[in-house]
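Chain residues, written in single-letter form:
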There are 2 protein chains.
Amino acid sequence: MVNGYDGARAAGLPPATRELIQRREAALGSAYRLFYADPVEFARGAGVYLYDASGQPYLDAYNNVPSVGHSHPHVTEAVGRQLATLNTHTRYLTDGLVSYAERLLATHQLGGPAQAMFTCTGSEANDLALRIARHYTGGTGVIVTANAYHGVTAAVAELSPSLGTGVPLGPHVRVVPAPAPGVNFAASVAWAAADLRRHGVRLAAFLADSLFSSDGVRPDPAGFLAPVTDIVHQAGGLYIADEVQSGFWRSGTHAWGYQRHGIAPDLVTMGKPMGNGLPIAGLVGRRELLDGFGRTARYFNTFGGNPVCVAAAAAVLDVIEGEDLAANAADTGAYLKDAVTRLAADSPVLGEVRGAGLYVGADVTDPATGAPSGDLAAAVVNGMRDRRVLISATGPAGNVLKIRPPLPFAHEHVDQLAAVLGEVLAGLAGQTLPPGPAA
Amino acid sequence: MVNGYDGARAAGLPPATRELIQRREAALGSAYRLFYADPVEFARGAGVYLYDASGQPYLDAYNNVPSVGHSHPHVTEAVGRQLATLNTHTRYLTDGLVSYAERLLATHQLGGPAQAMFTCTGSEANDLALRIARHYTGGTGVIVTANAYHGVTAAVAELSPSLGTGVPLGPHVRVVPAPAPGVNFAASVAWAAADLRRHGVRLAAFLADSLFSSDGVRPDPAGFLAPVTDIVHQAGGLYIADEVQSGFWRSGTHAWGYQRHGIAPDLVTMGKPMGNGLPIAGLVGRRELLDGFGRTARYFNTFGGNPVCVAAAAAVLDVIEGEDLAANAADTGAYLKDAVTRLAADSPVLGEVRGAGLYVGADVTDPATGAPSGDLAAAVVNGMRDRRVLISATGPAGNVLKIRPPLPFAHEHVDQLAAVLGEVLAGLAGQTLPPGPAA
């Protein structure tokens, strides 16, 4: 795992941390990996800061789930009020669910009447989108990118190559190279569709994160997805835009990543920032797709669309509108990208910087060889953590710095991040590399 | 769907209700079915009552999710406090997650060291259990009961026969008759395991709800599952106890339904009542199963085990202990089963009554033919709704009254329910049957 804690280094940790990690390993097991060589325990969060037990602030430039800021009072108040009043499932009538669905649908353009369905996680949303696509097309084939991540249910894990070789891809899954200079992305998709057909597998869907986050953040040039939709439709499949990471105004200029490309997907999934940390996720899609599926297959998600999670989601929209966070994501995002680009110009290890709004990726390369260096990226991430700024890394080689803060991130926070990143880069230039963490 | 609203009858509804239903159908589509011939809109809930907009109370004898009672102040307070303090994912250290996992594990006996993993929904928990079973056994085959329901992800929907023929079962899935008098359940499981083997499919798991809820509530005689575990293990599979409906002291005498049978499952999944409506679910299992899976496959669920949902789950355990709800489930459950059994003795339509704790099922049959009658059960359910008592129906024919109230249900609530049920049954006996709702 990128940026994972290595238990072999436990000896260097404070006794209380070591003991909690031991209890954690006993009770939760090996799937529960921690971030950082020196794991962090947080006591509280507010705005774009997390605080440890001793009150030290950490600048959060990583977490997109608390999208409107940690512990935002408007969300806390809305959840508390709803929880004290009513929380039940969607087989009774409630106005809140319908109003929120209408509000959400108004942010999308799918080229015709659309409907919404609610789940609790992005994994469930992608799993449901896949079920709908298979139901509609009669196919099973899926095309994804080389280091895609779409979730952890059985059906979406087997089309998430970033989970590694421990999770084999399904025989109905084809991967295409991530979009990059010199890659003819649309041609790769056409090739994969033809290959599925040649194997007797009918295409159900092309599924992609609209910012290609786990592929190392690949937003540009906006518009390159337009020819892909045509190819997918001609091959009989649906275009599913995975907006779990790229949605809810993260890109600043648009509510949804697919809108940057000027396309109208058949289905759009969403999740992480939707309820500022309350488990709510879902999808929207063309009416005939959802209605046809619902009529035949039914679908009921006990907690999906419950009044408390919907209250959180509605409060998130209130805050995004009320605090004009889209404009902030565009403005601060540009300032952030500029700041990192300036550091890259002066650093032998920092290469290309890519980003849209408050989602920035920066390549870390070994200055000796020019090759992607996950070890050096981990050194940067851990160096920043030691200076109390939280980022992580992504991409197939784990060498892309992942900077993805809550949306209220301001210029002063960029300045703090840039100062610390500059310090860490300068430190790296002047010393022998630390040993890399275990894979 | 059992107890589903039939849109053809909209003309009889108040205009405001009709308008909300129309907006709902436009925004959410056909998967979002409503309960009852005359759908209910609730404004608030408290204890075992839900209230409509005009303040009329409805006795809730259906909802097991608000397990410690609607809007319980201890849960509301715990969630509000945690949400105002910190809500983040499990890759930072937090004591709350570890302490809750330890507390949960202490309620289970799996015959050796065990670990816990957290998801957001019961569907995700069953999906994960299946992934773990497949990883450990190398098999894919699954045995379930004839009208089982295990969730809505692609992988568990295809082993949930109760979803109907619109969702085909997987080729690796075998169904066995539900436990009933005259059914040799263990022999059926052995037969299914042999059939899978003969088809070249290796068994991964036997998966069953420990109260067989959607099969019509089949708790007795406690102990009949014991030989099944041996058969499943001999066939190379794992025993997965689905406690999403039957767990958290619902049966009164035990924390978990499997414990009534004196067995030690390999994996146990749980969900619905875990956070009193906050989306939290999960599983526990033998350490080597979870640890092996986590090492190879990894697993990270963004919202799974977050501090807010864990605070809700811990508060639920506090209330169950503090208000002695297990003893209440046993005591009131017995009183409830007696009351319904007495009504059955006097009613030509009410047959066998089955139950454990606060989960009671009662067969409704056509007095003319003695056959199971889903139409008559729907008439009972809707008749009770019109008198403001909420129950539903279940079972393959939809003819089993499903009485499954929040755990603080008291004798006076049973008296209210029994009076209304008696009234509805008496009314049915003296009139022509209403037309049945659409399937």
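My aim in this report is to walk through the structure given alongside it, one point at a time. (Residues numbered from 1 in each chain as written. Chains lettered and ligands numbered in written order. Predicted model: local features only at pLDDT ≥ 70, side-chain atom pairs only at ≥ 80, totals over all residues. Heavy atoms only, no water.)

1. A few points about the sheet that holds strand S2 (residues 49-52) of chain B
All names here are of chain B.
- Taking strand neighbours across the sheet as the criterion, the four strands line up as S1-S2-S3-S13 in an open arrangement whose pairing is mixed. For this open sheet the edge positions go to strand S1 (42-46) and strand S13 (389-390), each flanked by a neighbour on one side alone.
- Where S1 meets S2, four bridges bridge the pair, whose relative direction is antiparallel. From the neighbouring strand, Arg44 faces S2, where its bridge partner is Tyr51. (Pairing = 2+ DSSP bridges. Helix = DSSP H or I, 4+ residues; strand = E, 2+ residues; numbered from the N terminus.)

2. What to know about the nonpolar core
- Counting 303 residues, the largest nonpolar core has A:Phe118 and B:Phe118 as the members making the most contacts within it.
- Core analysis: the second largest hydrophobic core is formed by six residues, A:Val65, B:Val65, B:Cys120 and B:Phe303 among them. (Core = buried A, V, L, I, M, F, W, Y, C linked by side-chain atoms within 4.5 Å. Buried < 20%, exposed > 50% of the residue type's maximum accessible area, 1.4 Å probe, protein only.)

3. Some points on unusual backbone geometry
- In this model, A:Asp220 is joined to A:Pro221 through a cis peptide bond whose omega is -5°.
- Mapped onto the elements, A:Pro221 comes out in the loop between strand S7 (203-209) and helix H7 (226-234).
- Within the chain, A:Trp249 stands out as a residue other than glycine whose phi angle is a positive 70°.
- By the secondary structure assignment, A:Trp249 is in the loop between strand S8 (238-242) and helix H8 (257-260).
- We note that B:Arg298 has phi near 60°; this positive angle belongs to a residue other than glycine.
- Structurally, the position occupied by B:Arg298 is in the loop between helix H9 (287-297) and helix H10 (307-322).

4. Digging into the pattern of salt bridges
- Scanning the model with the defined rule gives 30 salt bridges over all chains in all.
- Between A:Asp363 and A:Arg354 there is a salt bridge, and its shortest N-O distance comes to 2.8 Å. One exposure class covers both A:Asp363 and A:Arg354, and it is buried.
- Linking B:Arg286 and B:Glu288 is a salt bridge whose minimum nitrogen-to-oxygen distance equals 2.8 Å.
- Classification of B:Arg286 by relative accessible area gives buried; the value is 17%. (Salt bridge = Lys/Arg side-chain N within 4 Å of Asp/Glu carboxyl O.)

5. Description of the interface of chain A and chain B
- Contacts between chain A and chain B engage 96 residues on the former and 96 residues on the latter.
- Interface area for chain A against chain B, summed over the two sides, is near 8,300 Å², with a carbon-plus-sulfur share of 58%.
- The largest per-residue losses of area from chain A upon contact with chain B belong to A:Tyr92, A:Leu93 and A:Phe303, which jointly make up 11% of the total buried on that side.
- Linking chain A with chain B are four salt bridges, by the criterion used here.
- Of the charged contacts in the structure, one is a salt bridge between A:Arg23 and B:Asp95, with a shortest N-O distance of 3.2 Å.
- Across the chain A-chain B interface, the total number found is 48 residue pairs in polar contact (both at pLDDT 80 or more).
- Taken together, the residues that form the side of chain A that touches chain B break down as 51 nonpolar, 28 polar and 17 charged. (Contact = heavy atoms within 4.5 Å. Buried area = accessible area lost by both parts, 1.4 Å probe. Polar contact = N/O pair within 3.5 Å; in protein donor to acceptor, adjacent residues only side chain to side chain. Nonpolar A, V, L, I, M, F, W, Y, C, P; charged D, E, K, R; others polar.)

6. A look at the pairing of strand S12 (residues 359-364) of chain A
Residues and elements named next belong to chain A.
- Of all six residues in S12, six are buried; the element is thus mostly enclosed.
- Neither face of S12 is left uncovered, since the one carrying Tyr359, Gly361 and Asp363 and the one carrying Val360, Ala362 and Val364 both have all their residues buried.
- Where strand S11 (residues 350-356) and S12 come together, five bridges link them in antiparallel fashion. Following the sheet pairing, Ala356 is matched in S12 by Tyr359.
- Counting the residues between successive antiparallel strands, the hairpin from S11 to S12 contains two residues, one of them, Gly357, with a positive phi of roughly 60°.
- For S12 and strand S15 (residues 400-403), the ladder comprises four bridges, and the chain directions are antiparallel. By the bridge assignment, Ala362 is partnered in S15 with Leu401.

7. A closer look at the sheet that holds S12(A)
Residue and element names in this part refer to chain A.
- One open sheet holds the four strands; their spatial order is S11-S12-S15-S14, and the pairing between them is antiparallel. Of all the strands in the sheet, just S11 and strand S14 (392-394) have a single pairing partner and so form its edges. Ignoring which end each strand starts from, the neighbouring axes of this sheet average 30° apart.
- For S14 and S15, the ladder comprises three bridges, and the chain directions are antiparallel. Residue pairing for S15: Ala393 is matched across the bridge by Leu401. (Axes fitted to C-alpha atoms, helices over the stretch in contact; angles between N-to-C directions.)

8. Observations concerning the packing of aromatic side chains
- Following the criterion strictly, the structure yields 28 aromatic pairs over all chains and no others.
- Seen from their ring centres, A:Phe212 and A:Phe224 are 5.8 Å apart, and the 35° between their planes marks the pair as tilted. In this pair, A:Phe212 is assigned in the loop between S7 and H7 and A:Phe224 in the loop between S7 and H7, connecting sequence segments twelve residues apart.
- By relative accessible area, which is 1% here, A:Phe212 ends up buried.
- An aromatic cluster is present here, built from A:Phe35, A:Tyr36, A:Phe42, A:Tyr58, A:Tyr62 and B:Tyr92 joined pairwise through their rings.
- Cation over ring: B:Arg91 sits above B:Phe300, and NZ or CZ is 4.1 Å from the ring centre. (Phe/Tyr/Trp six-rings, centres within 6.5 Å; stacked < 30°, edge-to-face > 60°. Lys NZ or Arg CZ within 6 Å of the ring centre and 35° of its normal.)

9. Structural notes on the relation of the copies chain A and chain B
- Between chain A and chain B, the superposition needs a rotation of 180° and an axial shift of 0.0 Å, giving an RMSD of 0.0 Å. Expressed as an axis order, the relation between the two copies is that of a two-fold axis. Closest approach to the rotation axis within chain A is made by the C-alpha atom of A:Gly80, at a distance of 2.7 Å.
- When the interface residues of chain A are mapped onto chain B, 100% of them again lie at the interface, so the same face is used by both copies. (Least-squares fit on C-alpha atoms with pLDDT ≥ 70 in both.)

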